[in-house]
Amino acid sequence: MAFPFLRRSGTLPRLCGLLVILATGALFALVGCFALPVLWSAQGGLIFSWSWRPPTDFGILPMLAGSLILSFSALLLAWPLSLGLACALQDPAPACWQKWLTGLIRFMTAIPTVVYGFAAVFLLTPLVREAAGGSGLCWLSAACVLALLISPTMVLVMDVALREQMRRLLLPALSLGMGRNTVLACLALPAVRRWLLTAGLLGFGRAIGDTLIPLMLSGNAPNVPHNLFAGLRTLTAHMGLVTATDVGGPAYNSLFVAGGLLLCISTGVSLVLRRLEKKQDVLLPPVPAFWRRLAPAGLHLLARGAGILCSACVLALLGFLLWRGLPVLDAALLVGDAPFWPALLGRFPIWDGIWPACLGTLCLLGITMALALVPGIGCGIYLAEYAPPRMQRLLNSLMDILSGVPSIVMGIFGFTLILFLHRLGFAGASSGLLLAGGCLALLVLPALVVTTRTALESLPTSLRLCGAALGLRHGQTVRHLLLPQASRGILSGVMLALGRSAEDTAVILLTGVVANAGLPAGLGLRFEALPFFIYYTAAQYQTPEELQRGFGAALTLLALSGGLLLLAWWLHERFRQERQPDMTPLTFSGGPQ
């Protein structure tokens, strides 16, 4: 063996855990290395001001205010909607309605952010434009779509908490003559108030880190909006715009400061969430008389209204995409006027098809999984089987932080890595498939680690005892007994990571994606990808034919990422039913993009 030490029990998982720690440290170090010098320089005062009017004023405070305003307004819309959906999921009658809502929430987690934005540009903004004038790209449009985007994450957290409390409280309460709605409103909801706050914080973190919805729908006006129909610009959208238009000076340096601010905000939200998880439940507060009288009926109406509203929005989005996209789903969508098989094999150039973007996305998925699988699964094994308590706390904290890091910050990490390598003398370092795949690997690492750890920890203790009774060492027990039994749960994490990688746009915006690059030609060269093709089409299309290709690409991406994520759900449910019926359902809370 070239590396015989890897055969020692736990050596490879320990190395994977160390690699995850080093990668997380590199993320914070590189972003801080480029952001802090700007703050300490004379440009720091220019950047922390309230005016953005290049070439004289470069203040990013309007963008910070825009991020907070848009995030809180989206949360204000999404929280009651999510609460209503979570309450609707606790009502078993009618069963078909509950199954429909469960499937709807899972489907919503599988819709790529760029597809939400693309559909809204051509479906929602014309309605807003007719109602209020202007372009329709404004605070209200972005807040409505962002609320729909963050709702599934919040619903899943609320549903898990409410389901556990209803299982514990329902039978005793029914025996005392209380109705189901009364139990839900007066007992279960007060008991899970900490998880309701946790869901709100998760939604806020998801909203403030999103890039595509503000970039496509908010109007990108660098000022504080004075009404719902005015434009605004968020930090994430600002970073995407600066990357595309500036290459030096205070405007360029504001990119790193904005990335550092977002990283600090996301880390703070993750640490608060971790603190809430550790907080012990206290006695229930007394329920006011008016709440006991009005809440049961009010929650029932909220649940029905939220279910109907959410169903209508998703069906309208899906129907609009099918109506516009289905007519163009043919061979011409992939290769245009070029001969089909020669074009697919790269022997004929493609000028008006999406095959280069599809192949670029597939190559990106392959590179991401090649870089993420071993560290992610290995770190999950280390956490579940080998890590001491102190290391478990450290790695669990890092996973919480990484899972909350916005996608655009991962893109900034890749961007600064190339700049750092240039400073070290590696002039050949450049953006491309390898860099984008590496940043995406770090982005999806928490999904692989958490699902692997959960799959192993959920296995019965008897399996470990069986290995000891057979005289197996711990490492042999893990390899030959535990990993085969946990394989379906681990595979669900792989599918989850693949779906997350396929639909992400913000990372690749800063790490090498371009329009019209052709078929992928090398790991260090620029490339095309389906998410960017959709975004670029929405912003730059010139003819109706180009727009129709955008709808076809949106349906293709929805089928790819949605299929992978729904397959992950199915695998997880099969594993849960086989191993531990009461195991907490898998939640998809990938980082905002």
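Residues numbered from 1 in each chain as written. Predicted model: local features only at pLDDT ≥ 70, side-chain atom pairs only at ≥ 80, totals over all residues. Heavy atoms only, no water.

## Structural notes on the overall build of the chain
Here is step 1: Of regular secondary structure, the chain possesses 24 helices and two strands.
Here is step 2: Relative to the globule expectation of 25 Å for 593 residues, the C-alpha radius of gyration of the chain, 25 Å, shows essentially globular dimensions.
Here is step 3: Projecting the C-alpha coordinates of the chain onto the three principal axes gives extents of approximately 70 × 70 × 55 Å.
Here is step 4: By residue count, 54% of the 593 residues in the chain fall in the buried class.
Here is step 5: If you take every contact in the chain between residues at least 6 apart in sequence, the share linking residues at least 24 apart comes to 77%.
Here is step 6: With an accessible surface of roughly 25,300 Å², the chain has 67% of that area assigned to carbon and sulfur atoms.
Here is step 7: Computing the positive centroid from 38 side-chain charges and the negative centroid from 23, the chain places the two 12 Å apart. (Helix = DSSP H or I, 4+ residues; strand = E, 2+ residues; numbered from the N terminus. Rg over C-alpha atoms; globule rule 2.2 N^0.38 Å. Buried < 20%, exposed > 50% of the residue type's maximum accessible area, 1.4 Å probe, protein only. Contact = heavy atoms within 4.5 Å. Areas by Shrake-Rupley, 256 points an atom, 1.4 Å probe, with all protein chains shown as cover. Lys, Arg positive; Asp, Glu negative; His and termini not counted. Charge placed at Lys NZ, Arg CZ, Asp CG, Glu CD.)

## Overview of empty space enclosed by the protein
Here is step 1: This model, assessed by the stated rule, comprises two cavities of 30 Å³ or more.
Here is step 2: The volume enclosed by the largest cavity comes to roughly 150 Å³.
Here is step 3: Contributing elements (two or more residues each) for the lining of the largest cavity: helix H3 (61-88), helix H7 (180-191) and helix H12 (289-325).
Here is step 4: With five residues, H12 is the largest single contributor of residues to the lining of the largest cavity.
Here is step 5: When grouped by side-chain class, the residues that make up the lining of the largest cavity number nine nonpolar, three polar and three charged. (1 Å grid on protein atoms, 1.4 Å probe; cavity = no way out; pocket = protein on both sides within 12 Å on 5 of 7 lines; lining within 4 Å. Points joined across faces, edges and corners; volume = space filled by probe spheres on them. Nonpolar A, V, L, I, M, F, W, Y, C, P; charged D, E, K, R; others polar.)

## Some remarks on helix H8 (residues 193-208)
Here is step 1: Along its 16 residues, H8 runs 23 Å from first to last C-alpha, staying within 8% of the 22 Å computed at 1.5 Å per residue.
Here is step 2: Every buried residue of H8 is listed here: Arg194, Leu196, Thr198, Ala199, Gly200, Gly203, Phe204, Gly205, Arg206, Ala207 and Ile208. (Expected span 1.5 Å × (residues − 1).)

## Considering the packing of aromatic side chains
Here is step 1: As enumerated under the stated definition, the model contains 15 aromatic pairs in all.
Here is step 2: When the centroid spacing of 6.1 Å and the interplanar angle of 65° are considered together, the rings of Tyr252 and Phe415 count as edge-to-face. Separated by 163 residues along the polypeptide, Tyr252 in helix H11 (residues 249-278) and Phe415 in helix H17 (residues 407-423) bring together distant segments of the chain. For the pair Tyr252 and Phe415, one class covers both residues: buried.
Here is step 3: Put simply, the rings of Phe118, Phe122, Phe320, Trp323, Tyr541 and Phe551 touch in pairs and so form one group of aromatic residues.
Here is step 4: It is Arg324 that lies over the ring of Trp323; its NZ or CZ is 5.8 Å from the centre. (Phe/Tyr/Trp six-rings, centres within 6.5 Å; stacked < 30°, edge-to-face > 60°. Lys NZ or Arg CZ within 6 Å of the ring centre and 35° of its normal.)

## Things to note about the domain arrangement of the chain
Here is step 1: If you check the domain split of the chain, you get domain 1 (12-30 + 330-529) and domain 2 (67-253 + 298-329).
Here is step 2: Between domain 1 and domain 2, the C-alpha centre-to-centre distance is 27 Å.
Here is step 3: Across the boundary between the two partners, domain 1 contributes twelve residues, which contact 14 residues of domain 2.
Here is step 4: Here domain 1 packs against domain 2, burying approximately 1,100 Å² in sum over the two surfaces, 70% of which is carbon and sulfur.
Here is step 5: Contact with domain 2 buries area across many residues of domain 1, yet Asp330, Ile408 and Glu503 alone supply 39% of it, more than any other trio.
Here is step 6: Linking domain 1 with domain 2 are zero salt bridges.
Here is step 7: Our count for the domain 1 to domain 2 interface comes out at two residue pairs in polar contact (both at pLDDT 80 or more).
Here is step 8: Only H17 and helix H22 (506-509) provide two or more residues apiece to the side of domain 1 that touches domain 2.
Here is step 9: No other element matches the four residues that H17 contributes to the side of domain 1 that touches domain 2.
Here is step 10: Residue classes in the side of domain 1 that touches domain 2 are distributed as nine nonpolar, one polar and two charged. (Domains from an automatic or database assignment. Buried area = accessible area lost by both parts, 1.4 Å probe. Salt bridge = Lys/Arg side-chain N within 4 Å of Asp/Glu carboxyl O. Polar contact = N/O pair within 3.5 Å; in protein donor to acceptor, adjacent residues only side chain to side chain.)

## Remarks on the UniProt feature "domain: ABC transmembrane type-1" (unreviewed entry) in the chain
Here is step 1: Under the feature "domain: ABC transmembrane type-1" (unreviewed entry), the UniProt entry names residues 64-273 and 358-568.
Here is step 2: Secondary structure over residues 358-568 splits into 78% helix and 0% strand, and the C-alpha atoms at its two ends are 21 Å apart. (UniProt positions renumbered as here; feature names shortened; annotations may be inferred.)

## Thoughts on H7
Here is step 1: Look at H7: 15 Å from first C-alpha to last across twelve residues, which is about the 16 Å you get at 1.5 Å a residue.
Here is step 2: For H7, every residue scored as buried is listed here: Val183, Leu184, Ala185, Cys186, Ala188, Leu189, Pro190 and Ala191.

## Some remarks on the layout of surface pockets
Here is step 1: In this model, the second largest pocket occupies a volume close to 800 Å³.
Here is step 2: Surrounding the second largest pocket, 35 residues form its lining, Gly240, Thr243, Ala244, Leu509 and Phe532 being those nearest its centre.
Here is step 3: Within the residue set of the lining of the second largest pocket, elements represented by two or more residues are helix H9 (212-217), helix H10 (235-245), H17 and helix H23 (530-540).
Here is step 4: Ranked by the residues each element gives to the lining of the second largest pocket, the list is headed by H23, at six residues.
Here is step 5: Classifying every residue of the lining of the second largest pocket gives 21 nonpolar, twelve polar and two charged.
Here is step 6: Residues from two domains meet in the lining of the second largest pocket; each of domain 1 (12-30 + 330-529) and domain 2 (67-253 + 298-329) gives at least three.

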